[in-house]
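# Commentary on secondary and tertiary structure
Single-letter residue listing:
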Protein chains: 2
Amino acid sequence: MTTPSQLTQEPLIEEDDVPRGFRFGAVRAGIKASGKPDLSCVVADQPATAAAMFTSNAVVAAPLVVGKRHLVRSGHRVRAVVVNAGNANCATGQAGILAAEQVCSKAAEVFGCEGHSVFPSSTGIIGVPLPVEKLVAALPSLEASLGSSAAHLELMARAIMTTDTRLKIAVAHFEVEGSVVRLAGIAKGAGMIFPQLGEGPSAPHATMLVYIFTDATLQPETANRLLHQAVEGTFNRISIDGDTSTNDTVLLLASGASGVRIDPTEEKRFGSALDKVCLSLAKQIVEDGEGIQHVVELVISGALSDADALRVARAIAHSPLVKTSWAGCDPNWGRILAAIGSCGVTIDPSLVRIQMGEIELCRMGGVSPHLNKAAAHEYLKQRDLVIRVDLGLGQGACRFWTTDLTAEYVRINADYST
Amino acid sequence: MTTPSQLTQEPLIEEDDVPRGFRFGAVRAGIKASGKPDLSCVVADQPATAAAMFTSNAVVAAPLVVGKRHLVRSGHRVRAVVVNAGNANCATGQAGILAAEQVCSKAAEVFGCEGHSVFPSSTGIIGVPLPVEKLVAALPSLEASLGSSAAHLELMARAIMTTDTRLKIAVAHFEVEGSVVRLAGIAKGAGMIFPQLGEGPSAPHATMLVYIFTDATLQPETANRLLHQAVEGTFNRISIDGDTSTNDTVLLLASGASGVRIDPTEEKRFGSALDKVCLSLAKQIVEDGEGIQHVVELVISGALSDADALRVARAIAHSPLVKTSWAGCDPNWGRILAAIGSCGVTIDPSLVRIQMGEIELCRMGGVSPHLNKAAAHEYLKQRDLVIRVDLGLGQGACRFWTTDLTAEYVRINADYST
């Protein structure tokens, strides 16, 4: 059993928020130098339907290779997820893959299931061999730590953290004919955040791990489709530093313990609840960006297509000059205009409008006649900002969440491994 | 005449390095808040052959629009270039274009030439109306400051600076049948540096102005072709922050005063001299990057194509996590590998090799068995670094020059306009 000191004293969520059919646990395996809990797991009472999305980085960490393989072998049924923080098990070659397999197979013995029904995750430094013996040695106490309370779920949420400063958790529920369907998600991520999950090459991100649990009954195809839809508008719409990690993973597990089957008539409601959980977690990740002083919601409109709008949002979100101007509360719309112009999207500079909050800074590609620079500077002193860009060309639009770039971000990332 | 106090006491170049047929000058027009010289010019004794390359940003500053127009009207013959620092005259709409035209037309009166043989440039803040009256009022004293000495050329080089901390100048010469052909170039640039000159959309840059003078006789087509070749391997291979400016301009002027005509047999020698000047200026720009502690030469090899190699170099050069690790002298090759993997280029992670100086950090996609991390950390304490990446796939290669990302860069850019 978990010792009381390991549990969060006052859970952030209610007992009734925790999806049924899962037990959560975490222990100290001695990977994190801080000595904090660094090995965690979720165990499903019965095989849970699983859907997963992974980084689009061509360099893929060993646990992702093993996780994909296990999902195929198990027919997308997962009994346990084992996550270590402090070591990414990436760029570790064949030895890294064997290490991840070994952890799964030992965990399967401890949890009493098949090796391929264990899904592994790792986050932390790249290129250092995974200390398998430490993980394996900690598995019995990990098993002993399992429990199904809100505090147990939060214990897991805390153990997956690396440079995160806050635990990230979100819940949702809805009723179907008197039965409650629960969803709960936990996430980590703080730097290297520009998740581009899915197929094909893309721009850069950083390690984001997301686990979403539900007690609904879902078919693997449905789980996969709904997860892709939710991720596209949420996790794939955030960026802290534009660096795309080798370990990014979003996993959805459906235990079925609520007894509610998500058939086509209920898909929309389930999808809405899933969107809500994903959007909350995505925003929590941005809120906890390394060294940030501002969270910026970009609202792009008037592009020729949604894809163009997204490209404009990413160009703004990844411009060091734009991000540093936000850090300085500087209403420098010229840098935003320059970033838009350089991203390769069709624009007519003379139609561009830029607003910060309700303040118009740029109209028809030039300085707004109404611009009150002092008021704009005051607005930018707030932590949460909304910046609107209207290209004036078409109906393409998107929302995107990002941060400023501060000297503190540089400090945090200039001494990570040494 | 220039007052002695305005001239550099000890010129960085020799009198004999200055291309014949030009006079240079600079004065204080009162645009820079610092009160330093901010209006400069070069005047050719006779119409000089001109070739120019401009930013590929879709947002283009007014002087570039006017400059392009004047080159066409004059048949690529330029008599005078007028440059102001402190105001970019960008995002200033039709009024900005009229302002640039007005400066050219007044300068033409003062210098005794046609309006369309004056080429304008501006650098500085975006979105603020150009103070035409200040520029026009300073034109007579600008004319009075003209001279053909090394000190005069350096005076101009200094007046085009914005946040630059050093004057950037480079020279080259060669002989053809006893006659000397001289080339001299000056440049400015410090932030917003990722020049992508030429046609078509591209990734982002920041204001870089480059003026190259030669006393060779060149046909416009030849000048244009040789300039494109030189720029591709030099200015288009540097990046400080990955932000592409709206004002980037490279201008080559050939006075013909040496009496040497560059015919096809001399093109190679002229091209080599031009390359030398461009590469020196490109490196000087990187060396003077805002707040930098390291200049990094990236040597990429083994890509499937040169274009792939360039994409890999840019991905590394634009990753905040890689750049901050350099600032911390942290031999974090994992971040480099992650950046390579995220850029969309075909790679096989298990073939990647990464070296810092002579130290191998990553071999076959994993940690090198020879890695001495302490030695790598020591190596990274040097200002000038060479980082080699071999993808092990093909013959594609490139060299690229970039910098680290420091807290000082953030500080400089977080309070620019306010």
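The text that follows walks through the structure, step by step, so that each part is easy to find. If you're wondering where the values come from, they're calculated on a predicted model, not measured in any experiment. (Residues numbered from 1 in each chain as written. Chains lettered and ligands numbered in written order. Predicted model: local features only at pLDDT ≥ 70, side-chain atom pairs only at ≥ 80, totals over all residues. Heavy atoms only, no water.)

Glancing now at the overall build of chain A. Looking only at helices and strands, chain A features 11 helices and 14 strands. For 418 residues, the compact-globule estimate of 2.2 N^0.38 gives 22 Å, and the C-alpha radius of gyration of chain A, at 22 Å, lies within 12% of that figure. The principal-axis extent of the C-alpha atoms belonging to chain A is close to 70 × 55 × 40 Å. Taking all 418 residues of chain A together, the buried fraction comes to 64%. Contacts in chain A between residues far apart in sequence, at least 24 positions, make up 81% of those at least 6 positions apart. Total accessible area computed for chain A in this model is approximately 14,500 Å², and 51% of it derives from carbon and sulfur atoms. Across chain A, 36 positive and 43 negative side-chain charges occur, with their mean positions spaced 2 Å apart. (Helix = DSSP H or I, 4+ residues; strand = E, 2+ residues; numbered from the N terminus. Rg over C-alpha atoms; globule rule 2.2 N^0.38 Å. Buried < 20%, exposed > 50% of the residue type's maximum accessible area, 1.4 Å probe, protein only. Contact = heavy atoms within 4.5 Å. Areas by Shrake-Rupley, 256 points an atom, 1.4 Å probe, with all protein chains shown as cover. Lys, Arg positive; Asp, Glu negative; His and termini not counted. Charge placed at Lys NZ, Arg CZ, Asp CG, Glu CD.)

This part takes up the pairing of strand E9 (residues 295-303) of chain B. All names here are of chain B. For E9, the tally of buried residues reaches 8 of 9 residues, placing the bulk of the element in the interior. Note that E9 and strand E13 (residues 384-390) share 7 bridges and pair parallel. If you follow Glu297 over to E13, its bridge partner there is Val386. Pairing analysis gives 7 bridges linking E9 to strand E14 (residues 396-403), with the strands arranged antiparallel. (Pairing = 2+ DSSP bridges.)

With that out of the way, let us pick up the relation of the copies chain A and chain B. Note: a rotation about an axis with an accompanying shift along it relates these two copies of the chain. Laying chain A over chain B is done by rotating through 180 degrees and shifting 0.0 Å along the axis; what remains is an RMSD of 0.0 Å. Such a combination of rotation and displacement between the chain copies is what one expects of a two-fold axis. The C-alpha atom lying nearest the rotation axis in chain A is that of A:Ala407; the distance is 2.1 Å. (Least-squares fit on C-alpha atoms with pLDDT ≥ 70 in both.)

All names here are of chain B. In total, this model carries 10 aromatic pairs over all chains according to the counting rule given. For the ring pair Phe174 and Phe270, a centre distance of 6.4 Å and an interplane angle of 70 degrees mean the geometry is edge-to-face. Here Phe270 lies in helix H6 (residues 267-287) and Phe174 lies in strand E5 (residues 168-176), a separation of 96 residues in the sequence. A relative accessible area of 8% places Phe174 in the buried class. Taking relative accessible area as the criterion, Phe270 reaches 0% and is therefore assigned buried. (Phe/Tyr/Trp six-rings, centres within 6.5 Å; stacked < 30°, edge-to-face > 60°.)

What follows covers the sheet that holds strand E11 (residues 359-363) of chain B. Residue and element names in this part refer to chain B. Here we have 6 strands laid out as an open sheet, ordered E12-E11-E10-E13-E9-E14, and mixed in their pairing. With one partner strand each, in any of the chains shown, strand E12 (366-367) and E14 form the two edges of the open sheet. Pairing between strand E10 (residues 353-356) and E13: 4 bridges, direction antiparallel. Counterpart to Ile354 in the pairing with E13 is Val389. Relative to the sheet, helix H8 (residues 320-327) contacts E9, E13 and E14, its axis offset from that of E14 by approximately 60 degrees. (Axes fitted to C-alpha atoms, helices over the stretch in contact; angles between N-to-C directions.)

Residues and elements named next belong to chain B. Put simply, H8 and helix H9 (residues 333-341) touch, their axes get as near as 9 Å, and they point 160 degrees apart. As far as their axial angle goes, H9 and H8 are roughly antiparallel. Pair H8 / H9 crosses with left-handed handedness. Of the residues in H9, those in contact with Leu321, Val322, Thr324, Ser325 and Trp326 of H8 are Arg335, Ile336 and Ala339. Residue classes in the contact of H8 with H9 are distributed as 5 nonpolar, 2 polar and 1 charged. (Parallel < 35°, antiparallel > 145°, perpendicular 65-115°, else oblique. Left-handed = near helix turned anticlockwise from the far one by under 90°. Nonpolar A, V, L, I, M, F, W, Y, C, P; charged D, E, K, R; others polar.)

All names here are of chain A. Mapped onto the elements of the fold, Ser255 is located in the loop between strand E8 (249-254) and helix H6 (267-287). Residue class for Ser255 comes out buried when judged on its relative accessible area of 15%. From its side chain, Ser255 meets the backbone nitrogen of Ala257 in a polar contact 3.1 Å long. Those residues in contact with Ser255 that lie beyond four places of it in its chain are Arg20, Gly21, Phe22, Ala48, Thr214, Asp215 and Ala216. (Polar contact = N/O pair within 3.5 Å; in protein donor to acceptor, adjacent residues only side chain to side chain.)

What follows covers the state of the cysteines. All names here are of chain B. Tallying each qualifying case throughout the model produces 0 disulfides over all chains. You can see Cys343 has no disulfide; the closest cysteine sulfur is in Cys398, sitting 11 Å from it. The exposure class of Cys343 is buried, given its relative accessible area of 10%. (Disulfide = S-S within 2.5 Å.)

Now for the interface of chain A and chain B. It is common to give the size of an interface as the accessible area that goes away when the parts come together. Each partner contributes residues to the interface: chain A has 51 residues there, and chain B has 51 residues. Contact between chain A and chain B buries roughly 4,000 Å² in total, counting both sides, with carbon and sulfur atoms accounting for 63%. Three residues, A:Leu321, A:Ser342 and A:Val410, lead the burial of chain A against chain B; their summed loss comes to 13% of the area buried on that side. Between chain A and chain B we count 0 salt bridges in total. For the pair chain A and chain B, the interface holds 8 residue pairs in polar contact (both at pLDDT 80 or more). Elements with a contribution of two residues or more to the side of chain A that touches chain B: helix H8 (320-327), helix H9 (333-341), strand E12 (366-367), helix H10 (373-379) and helix H11 (407-414) of chain A. The element best represented in the side of chain A that touches chain B is H9(A), accounting for 6 residues. When its residues are assigned to classes, the side of chain A that touches chain B shows 25 nonpolar, 21 polar and 5 charged. (Buried area = accessible area lost by both parts, 1.4 Å probe. Salt bridge = Lys/Arg side-chain N within 4 Å of Asp/Glu carboxyl O.)

Taken across its 9 residues, H9(A) has 9 buried, putting it largely inside the fold. Turning to H9(A), its buried residues number three or more, namely A:Trp333, A:Gly334, A:Arg335, A:Ile336, A:Leu337, A:Ala338, A:Ala339, A:Ile340 and A:Gly341.

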